[in-house]
Amino acid sequence: MEIDLFFNESYLQYGIRQYVTWNPEKAPHIAIFGATGSGKTVASKLLLARTAKNLPDMQLFANDFKGDSDFSFAAQAPRFARFMECEQNFEAFYQRFLKRQSGEDSSRNMLLCFFDEWASYTLSIDKKKSEDEKKKLATLLMLGRSFNVHVMLSQQRMDASYFATGGSRDNLNVVISLSNLSAEGKEQFFREFKDQMKPDRRQGTGYMITNGTDFTPIQVPFISDMTKINHYIKEAVTR
């Protein structure tokens, strides 16, 4: 299934609203990154809500390590966690994956783990625990697709140090950058396209690639009713 995400900015200049889309079967995992104030939270919430709306049996495990008010509407939901509660919620998601892998769980509805500030989380725990968590994430990124298990990360930077060694970061199939990237950020994910990246990115605009190709300038749509967005997300962490 193709899920509409954001506007293709190349068409907007002609007054045409064409969406860039996400196909979870072909590109199972997503990363959104950019500096503070770049619009990551709005983009993340829009993506989660549209996925929940299009896949009404999708179950979301939402981890808000940042812990501000953006996800406060989901505070009492069974698969929502803040701060250090994220460790238990992430483990619960990982165990669901293991049950599917072992054959104990034969269900195949989408399971999606959203982690806001994975990088900060890994830096906040002791080194051994951090390495263990990175290995779990690597397993999910490498094997999750076969069991309809997906990961979405939102954070300021996507440095390799936040991931297990062995290239697990390379399994983030959809990469979305918002606002202007540093030269290092461009080199990490957009090396082949960095000459096409203009320095005019503002809040809610950026670039997206899928499976290393399909380089597209994007604009996050304006959300007139955040209540609807919150509703779909809350349903997904509750059902």
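Residues numbered from 1 in each chain as written. Predicted model: local features only at pLDDT ≥ 70, side-chain atom pairs only at ≥ 80, totals over all residues. Heavy atoms only, no water.

Participant: Looking at this model, I keep getting lost on a nonpolar patch on the surface. Mind explaining?
Facilitator: Judged by side-chain polarity, Tyr11, Tyr14 and Ile16 come together as a nonpolar surface patch covering roughly 330 Å² of accessible area. Turning to its location among the elements, Ile16 is positioned in the loop between α1 (9-12) and β2 (19-22). (Patch = residues over 30% accessible without salt bridge, like charges linked within 9 Å, V, L, I, M, F, W, Y side chains within 5 Å. Areas by Shrake-Rupley, 256 points an atom, 1.4 Å probe, with all protein chains shown as cover. Salt bridge = Lys/Arg side-chain N within 4 Å of Asp/Glu carboxyl O. Helix = DSSP H or I, 4+ residues; strand = E, 2+ residues; numbered from the N terminus.)

Participant: I would appreciate a short explanation of the pattern of salt bridges in the present structure.
Facilitator: Where charged atoms of side chains with opposite charge meet at close range, the side chains can pair. Evaluation of the coordinates by the stated rule reveals 17 salt bridges. The partner of Glu91 in a salt bridge is Lys136, with the nearest N and O atoms 2.4 Å apart. Placement of Glu91 in helix α3 (residues 86-102) and of Lys136 in helix α5 (residues 127-143) is noted, with a sequence separation of 45 residues between them. On the basis of relative accessibility, which here comes to 26%, the residue Glu91 falls in the partly exposed class. On the accessibility criterion, Lys136 (15% relative accessible area) is buried. Here Arg191 ties to Glu187 by a salt bridge, and the two come within 2.8 Å at their closest N and O atoms. Arg191 sits in the exposed class, given a relative accessible area of 53%. Look at Glu187 and you get partly exposed, because its relative accessible area is 29%. Salt bridges sharing common partners tie together Glu87, Glu91, Lys129, Glu133 and Lys136. (Buried < 20%, exposed > 50% of the residue type's maximum accessible area, 1.4 Å probe, protein only.)

Participant: Mind showing me how you'd approach α3 here?
Facilitator: For an α-helix, 3.6 residues make a turn, and residues three or four places apart therefore share a direction. For α3, built from 17 residues, the straight-helix expectation of 24 Å at 1.5 Å per residue is met to within 8% by its first-to-last C-alpha distance of 24 Å. Taken together, the buried positions of α3 are Cys86, Asn89, Phe90, Phe93, Tyr94, Phe97 and Arg100. For α3, the buried positions fall inside an angular range of 140 degrees around the axis, keeping them on one side. Counted as exposed and oriented over 90 degrees from the buried face of α3: Gln88 and Ser102. (Expected span 1.5 Å × (residues − 1). Arc of directions from axis to C-beta.)

Participant: I would appreciate a short explanation of the pairing of strand β10 (residues 213-219) in the present structure.
Facilitator: Consecutive side chains along a regular strand alternate between the two faces of the sheet. Summarising the sheet, strand β1 (residues 3-8) and β10 pair through two bridges and their orientation is antiparallel. Across the sheet, residue Phe7 finds its bridge partner in β10, namely Gln219. Here strand β9 (residues 205-210) runs beside β10; their pairing, made up of five bridges, is antiparallel. Looking at β10, one finds that Tyr207 is bridged to Pro217. Joining the antiparallel neighbours β9 and β10 is a turn of two residues, in which Asn211 adopts a positive phi near 50 degrees. (Pairing = 2+ DSSP bridges.)

Participant: Help me understand the packing of α3 against α5 in this model?
Facilitator: Between two packed helices, both the angle of their axes relative to each other and the distance between the axes serve to describe the pair. In contact at an axis separation of 11 Å, α3 and α5 are set at 40 degrees when each is read in the N-to-C sense. Considering the angle they form, α3 stands oblique to α5. Crossing hand, α3 versus α5: left-handed. Residues Glu87, Phe90, Glu91, Phe93, Tyr94, Phe97 and Gln101 of α3 form the contact with α5, whose own contacting residues are Lys129, Glu133, Lys136, Leu137, Thr139, Leu140 and Leu143. In terms of residue class, the contact of α3 with α5 is made up of seven nonpolar, two polar and five charged. (Axes fitted to C-alpha atoms, helices over the stretch in contact; angles between N-to-C directions. Parallel < 35°, antiparallel > 145°, perpendicular 65-115°, else oblique. Left-handed = near helix turned anticlockwise from the far one by under 90°. Contact = heavy atoms within 4.5 Å. Nonpolar A, V, L, I, M, F, W, Y, C, P; charged D, E, K, R; others polar.)

Participant: So what exactly am I meant to see when it comes to the side chain of Thr122 here?
Facilitator: Topologically, Thr122 is positioned in helix α4 (residues 118-124). A polar contact of 2.8 Å, which involves the side chain of Thr122, links it to the backbone oxygen of Ala119. Apart from residues no more than four positions distant in its own chain, Thr122 is found in contact with Ser130, Lys134 and Tyr162. (Polar contact = N/O pair within 3.5 Å; in protein donor to acceptor, adjacent residues only side chain to side chain.)

Participant: Before we go on, may I ask you to explain the sheet that holds β10 in this structure?
Facilitator: By definition, the strands of a sheet pair up through backbone hydrogen bonds, in either a parallel or an antiparallel sense. Pairing is mixed in the open sheet, where 10 strands are placed in the order β2-β1-β10-β9-β8-β3-β7-β6-β4-β5. Two strands in the sheet have a free side with no partner beyond their single neighbour: β2 and β5 (80-82). Each strand of the sheet is rotated relative to its neighbour by a mean of 20 degrees, with strand direction disregarded. Against the sheet, helix α2 (residues 40-54) makes contact with β1, β2, β3 (30-33), β4 (59-64), β6 (111-116), β7 (149-155) and β8 (174-178), and its axis sits at roughly 145 degrees relative to β1, the strand it touches most. In this fold α3 packs onto β4, β5, β6 and β7, with an angle of close to 150 degrees to the strand it touches most, β4.

The quantities given are spatial measurements derived from coordinates; they are silent on function.
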